[in-house]
Amino acid sequence: MAFNHKDLLGIRELSVEEINSILDTAESFKEVSRRSIKKVPTLRGKTIINFFFEASTRTRTSFEIAAKRLSADAINISASTSSVTKGETLIDTARNLEAMAPDAIVIRHPTPGVPHQLARLIDAAIINGGDGAHEHPTQALLDAFTIRERKGRIHGLQVAIIGDIMHSRVARSNTHLLTKMGAHLRIAGPRTLIPTQYEKIVEDSEGSLTVCDRIEDAISGSDVVMMLRIQRERMSDAFFPSLKEYSIQYGLTAKRLELAASDAIVMHPGPVNRGVEISSEVVDSAHSLVLDQVTNGVAIRMAVLFLLAGGKTEAHSD
Amino acid sequence: MKLLIKGGRIIDPESGFDRVADLLIEDGRVAQVGSSLSESGVEIFDAAGLIVAPGFIDLHVHLREPGEEYKETVASGAEAAVAGGFTSICAMPNTKPVNDNASVTRYIIDKAREARLANVYPVGAITRGSMGEELAEIAEMKEAGAIAISDDGRPVMNSQVMRHAMEYARDHNLVVVDHCQDTCLSAGGVMNEGRYSTLLGLKGMSVAAEDNHVSRDVILSEVTGARVHIAHISTGGAVEMVRRAKGRGLSVTCEVTPHHLALTDESVLGFDTNTKMNPPLRSEADRLVLIEAVRDGAIDAIATDHAPHHADEKMLEYDRAPFGVIGLETALGVVLTVLHHQSGIALTRIVEMLTIGPARAFGLPRGTLAAGAIADVTIFDADREWTVDARRFKSKSRNTPFGGWKLRGRVAATFVEGREVFRAE
Ligand SMILES: [Zn+2]
Ligand SMILES: [Zn+2]
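How each quantity is defined
Residues numbered from 1 in each chain as written. Chains lettered and ligands numbered in written order. Predicted model: local features only at pLDDT ≥ 70, side-chain atom pairs only at ≥ 80, totals over all residues. Heavy atoms only, no water. Helix = DSSP H or I, 4+ residues; strand = E, 2+ residues; numbered from the N terminus. Rg over C-alpha atoms; globule rule 2.2 N^0.38 Å. Buried < 20%, exposed > 50% of the residue type's maximum accessible area, 1.4 Å probe, protein only. Contact = heavy atoms within 4.5 Å. Lys, Arg positive; Asp, Glu negative; His and termini not counted. Charge placed at Lys NZ, Arg CZ, Asp CG, Glu CD. Buried area = accessible area lost by both parts, 1.4 Å probe. Salt bridge = Lys/Arg side-chain N within 4 Å of Asp/Glu carboxyl O. Polar contact = N/O pair within 3.5 Å; in protein donor to acceptor, adjacent residues only side chain to side chain. Nonpolar A, V, L, I, M, F, W, Y, C, P; charged D, E, K, R; others polar. Donors = N, O, S within 2.8 Å, 3.2 Å for Na, K, Ca; no water. Tetrahedral: all angles 85-135°; square planar, octahedral: opposite > 155°, others 65-115°. Axes fitted to C-alpha atoms, helices over the stretch in contact; angles between N-to-C directions. Left-handed = near helix turned anticlockwise from the far one by under 90°. Pairing = 2+ DSSP bridges. Right-handed = clockwise from strand over helix to strand, strands pointing away. Phe/Tyr/Trp six-rings, centres within 6.5 Å; stacked < 30°, edge-to-face > 60°. Lys NZ or Arg CZ within 6 Å of the ring centre and 35° of its normal. Domains from an automatic or database assignment.

A word on the overall build of chain A. Helix and strand counts for chain A stand at eleven helices and nine strands. Relative to the globule expectation of 20 Å for 318 residues, the C-alpha radius of gyration of chain A, 19 Å, shows essentially globular dimensions. The principal-axis extent of the C-alpha atoms belonging to chain A is close to 65 × 45 × 40 Å. Within chain A, the proportion of its 318 residues that are buried is 58%. Long-range pairs, those at least 24 residues apart, make up 75% of the contacts in chain A between residues at least 6 apart in sequence. Both charge centroids of chain A, one from 37 positive and one from 39 negative side chains, sit 4 Å from each other.

Written out as structure tokens, the structure reads:
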């Protein structure tokens, strides 16, 4: 397997081969999830810490299930239960984590870069479970897995990503991943929520990235429509006037979806705000792969844990 | 007490003097500059192959005393200053308590006197507590020794308060130093807004925040006739506004930091919190404009914005870490490397930006080696290569973005009023 990193911090640093290697590994683990006994002994005796500074039942549960299906011991630490308080330095945090002798640590944090900073201080494999608006690599990988599973390829597909790009790590990781894999991305949303020079964040790739002025331009002819969750608190920072206006101007309705390819698939990283960024009618339609994304999330996280915490032999058994 | 500095290339931009010569110092003043001076009973400093310049003046340092002596004291900051070739430093008022009254001003001056290293010129606050509301006791601080006023780090957003500050400062012949940043536009920002903030998902500070504030200050300078000095200018737009203001004869000056001349926001990749300062590292395009503005004279001074922080405070999440980097001991090496060796800017011009440029901006009676001048002298080797090792700094803090950098240009010795205060090993 072509994957030789200590950590998984982001998609931007990965090559196409490495991405394919994770997706292929996930393929074999998805099969485990279909068995009646959904467990393999691959990571028996290994310790995985889920270190979450932000509430996220969905991602944490997905990593926890993935660890358990690989027979690893999974420990959940959330900001409220850990000793982490304001004023503790990252070095203290790192030492406390190391004291538990983990093989891998999944970190979710509201500040970009915290997994990167900790990765320099900790020997265990660090998996970025989402750092602020920066990256969420396992989400992008599960999205790619889901697209590949349904469409048979990613190369050459037209993909629309709609909504709050500015605060979205999902958008950034998907932008890196899908362009690397040769997809053509079209981004749209209120200008207030599209960060400056977004079209310049990707390196040269076989894919492309365009920021559209209108949501209709982004959706037209798309094979994949990815909707992002809108946070209510963005209103207070004057990004948009009201959820009602947002849903009318930028929400994905069945009518707007008609602009996409007839076999277009609709994705959402969850949790969905029904009737805001996406209508119930669309969420519940045959186009929607929201539940497949959840299922595939476990397979991707099993693959990532296996590749980062698995292959190593026990050090110093004497 | 006499000192003869022999055989160095003396560069004194104020008088236009630039050739190999000897410098005789007597009783803390420059006695004579000339060829083959000889004198009996003098101490000799052999400056062959070295540059002999007026002592450097840094218009912008944070000494942290009173209140945060674990980061820096007046004495440790002054020691770092002379090690970096700075014989005079201007201490920003954001101490704890804020230097907004004469007793704090006097306290800083007393501490500097005890240290007997660099000259320390306190900068008083513009407003009480630098809260941006009521004027501080500006005239009393001036009596006590303050040489300028600033609410550095807490820009005065209320334009009417700023207008009054300028009018009042004009009455007392003090320059108003402004950290230019529209804090509504930059709210929550931790780095420059641009491709890299977008890539990293960190909240950006738009160049518009600085440009907007600079343009306001230029307008108020015209309205009030006050002398205005733009601290740590960092954007191409702001430079353009200062250039135009000067062209119209307004009393507007500005300074630039070594880090804004050497680094860009690309350095934030990797999330090293020693790349976090305010104003933030800007784009490569801005950096190139700053270098050209140094060359053509639109910028008056190099100032370090030396801002010490303890390693524990910097070792935090990027958005929680404090703004600021230290710079006194790397300034000369960085500016010589970037401006002279890489960009071909003449040594005379660089020395000017470190001496008479800042002296004029704040009206300080230093910055020249003309006969009779106060004998603050910095001797440096413009070509000597060295590697930055923060552990060897005299400063109490280590928060430099230049750790491990190979620089060209190093201080050999520093004299304040004819007295040796630093000599390199
Ligand atoms: Zn400042
Ligand atoms: Zn400052």
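Alright, that's what it looks like, and here's the rest.
Contacts between the two partners involve 20 residues from chain B, matched on the other side by 27 residues from chain A. Between chain B and chain A the total buried area reaches about 1,900 Å² when both faces are included, carbon and sulfur atoms providing 58% of it. Sorting the residues of chain B by area buried against chain A places B:Arg195, B:Thr198 and B:Met315 first, and these three jointly supply 32% of that buried surface. Connecting chain B to chain A are one salt bridge. The partner of A:Glu203 in a salt bridge is B:Arg195, with the nearest N and O atoms 3.6 Å apart. Viewed at the interface, chain A and chain B are joined by eight residue pairs in polar contact (both at pLDDT 80 or more). Ranked by the residues each element gives to the side of chain B that touches chain A, the list is headed by helix H5 (residues 195–200) of chain B, at four residues. Tallied by class, residues from the side of chain B that touches chain A come to eight nonpolar, five polar and seven charged.

One pass over the full model with this rule turns up 44 salt bridges over all chains. Close ionic contact of B:Glu65 with B:Lys111 constitutes a salt bridge, the shortest N to O distance being 3.9 Å. Pair noted here: B:Glu65 is in the loop between strand S6 (56–61) and helix H1 (74–83) and B:Lys111 is in helix H2 (residues 102–115), with a separation of 46 residues, a long-range link. What makes B:Glu65 buried here is its relative accessible area of 6%. The residue B:Arg423 makes a salt bridge to B:Glu420 at a minimum N-O spacing of 2.7 Å. Given the relative accessible area of 42%, B:Arg423 is considered partly exposed. Among the charged side chains, a salt-bridge network with shared partners connects A:Arg214, A:Glu216, A:Asp217 and A:Arg256.

Tracing the sequence through the fold places A:Pro195 in the loop between strand S6 (184–188) and strand S7 (208–211). Distance from A:Pro195 to A:Ala79, taken between C-alpha atoms, is 29 Å for residues 116 residues apart in sequence. Each residue touching A:Pro195, except ones within four places of it in the same chain, is listed here: A:Ile165, A:Met166, A:Arg172 and B:Thr198.

Residue and element names in this part refer to chain B. Within the first shell, the zinc ion (ligand 2) binds the protein through His60 (NE2), His62 (NE2), Asp152 (OD) and Asp305 (OD), at distances of 2.1 to 2.2 Å. Here the zinc ion (ligand 2) is ringed by four donor atoms whose angles at the metal span 86 to 173°, and the overall shape comes out irregular. Between the zinc ion (ligand 2) and the zinc ion (ligand 1) the interatomic distance comes to 3.3 Å, and Asp152 is a ligand of both metals. With Asp152 in the loop between strand S9 (148–150) and helix H4 (159–171) and Asp305 in the loop between strand S15 (301–302) and helix H10 (311–314), this pair connects stretches of sequence that are 153 residues apart.

Residue and element names in this part refer to chain A. Put simply, helix H1 (residues 16–34) and helix H11 (residues 290–310) touch, their axes get as near as 8 Å, and they point 120° apart. Crossing of H1 against H11: the hand is right-handed. Mapping the contact onto sequence places Ser21, Ile22, Leu23, Thr25, Ala26, Phe29, Lys30, Val32 and Ser33 in H1 and Thr295, Asn296, Ala299, Ile300, Met302, Ala303, Val304, Phe306 and Leu307 in H11. Of the residues contributing to the contact of H1 with H11, the split by class is twelve nonpolar, five polar and one charged.

Quick look at the coordination of the zinc ion (ligand 1) now. Surrounding the zinc ion (ligand 1) are the protein donor atoms B:Asp152 (OD), B:His179 (ND1) and B:His232 (NE2), which sit 1.9 to 2.1 Å from the metal. We note that the donor set of the zinc ion (ligand 1) lies within a single chain, spaced as D-x26-H-x52-H.

In this section: the packing of helix H11 (residues 331–342) of chain B against helix H12 (residues 347–354) of chain B. Residue and element names in this part refer to chain B. Viewed as axis vectors pointing N to C, H11 and H12 meet at an angle of 140°, and their least axial separation amounts to 11 Å. Between H11 and H12 the crossing geometry is right-handed. Residues Leu332, Val335, Leu336, Leu339 and His340 of H11 form the contact with H12, whose own contacting residues are Leu347, Ile350 and Leu354. In the contact of H11 with H12, the residues fall into seven nonpolar, one polar and no charged.

A few words on the pairing of S6(A). Residues and elements named next belong to chain A. Burial analysis of S6 places four of its five residues in the buried class, the great majority of the element. Bridging between strand S5 (residues 158–162) and S6 involves five bridges; their strand directions are parallel. Pairing of Ala160 across the sheet is with Arg186, part of S6. Note on the crossover from S5 through helix H6 (residues 169–180) to S6: the handedness is right-handed. Where S6 meets S7, four bridges bridge the pair, whose relative direction is parallel. By the bridge assignment for S7, Ile187 is matched with Val211.

With that settled, consider unusual backbone geometry. Of note, the bond from A:Gly270 into A:Pro271 is cis; its omega dihedral lies within 30 degrees of zero at -15°. Counting through the fold element by element, A:Pro271 comes out in the loop between strand S9 (265–267) and helix H10 (280–283). Across the junction of B:Glu65 and B:Pro66, the peptide omega takes the value 5°, indicating a cis bond. Take B:Pro66: it is sitting in the loop between S6 and H1.

Next up on the list: the sheet that holds S15(B). Residues and elements named next belong to chain B. Pairing is parallel across the open sheet formed by eight strands, whose spatial order is S6-S7-S8-S9-S10-S13-S14-S15. With one partner strand each, in any of the chains shown, S6 and S15 form the two edges of the open sheet. With three bridges joining them, strand S13 (residues 228–230) and strand S14 (residues 252–256) adopt parallel strand pairing. The residue bridging His229 from the neighbouring strand is Thr253, located in S14. The strands touched by H4 within the sheet are S9, strand S10 (175–178) and S13, with S10 carrying the most contacts at an inclination of about 150°.

Attention now moves to the packing of aromatic side chains. With the rule as written, the count across this model stands at eight aromatic pairs over all chains. Ring centres 5.4 Å apart and planes at 40° place the aromatic pair A:Tyr246 and A:Tyr250 in the tilted group. Placement of both A:Tyr246 and A:Tyr250 in helix H8 (residues 243–250) is noted, with a separation of four residues, approximately one turn of the helix. Using a relative accessible area of 2% as the deciding quantity, one classes A:Tyr246 as buried. Each residue in the set A:Phe240, A:Tyr246 and A:Tyr250 is aromatic and connected to the rest through ring pairs, giving one cluster. Stacked on the ring of A:Phe63, the Lys or Arg A:Arg301 has its end atom at 5.0 Å from the ring centre. Between B:Arg195 and the ring centre of B:Tyr196, over which it is positioned, the NZ or CZ distance is 5.1 Å.

The next subject is the domain arrangement of chain A. Residues and elements named next belong to chain A. The domains assigned to chain A are domain 1 (16–135 + 295–309) and domain 2 (137–290). Contacts between domain 1 and domain 2 engage 27 residues on the former and 23 residues on the latter. Surface buried jointly by domain 1 and domain 2 totals about 2,000 Å² across both partners, of which 60% is contributed by carbon and sulfur atoms. Its largest share of buried area at the contact with domain 2, domain 1 owes to Ile19, Leu23 and Glu135, together 27% of the area lost on that side. Counting the contacts that link domain 1 with domain 2 gives four salt bridges. Measuring nitrogen to oxygen at the nearest pair gives 2.6 Å for the salt bridge that ties Glu149 to Lys30. Inspection of the region where domain 1 meets domain 2 yields ten residue pairs in polar contact (both at pLDDT 80 or more).

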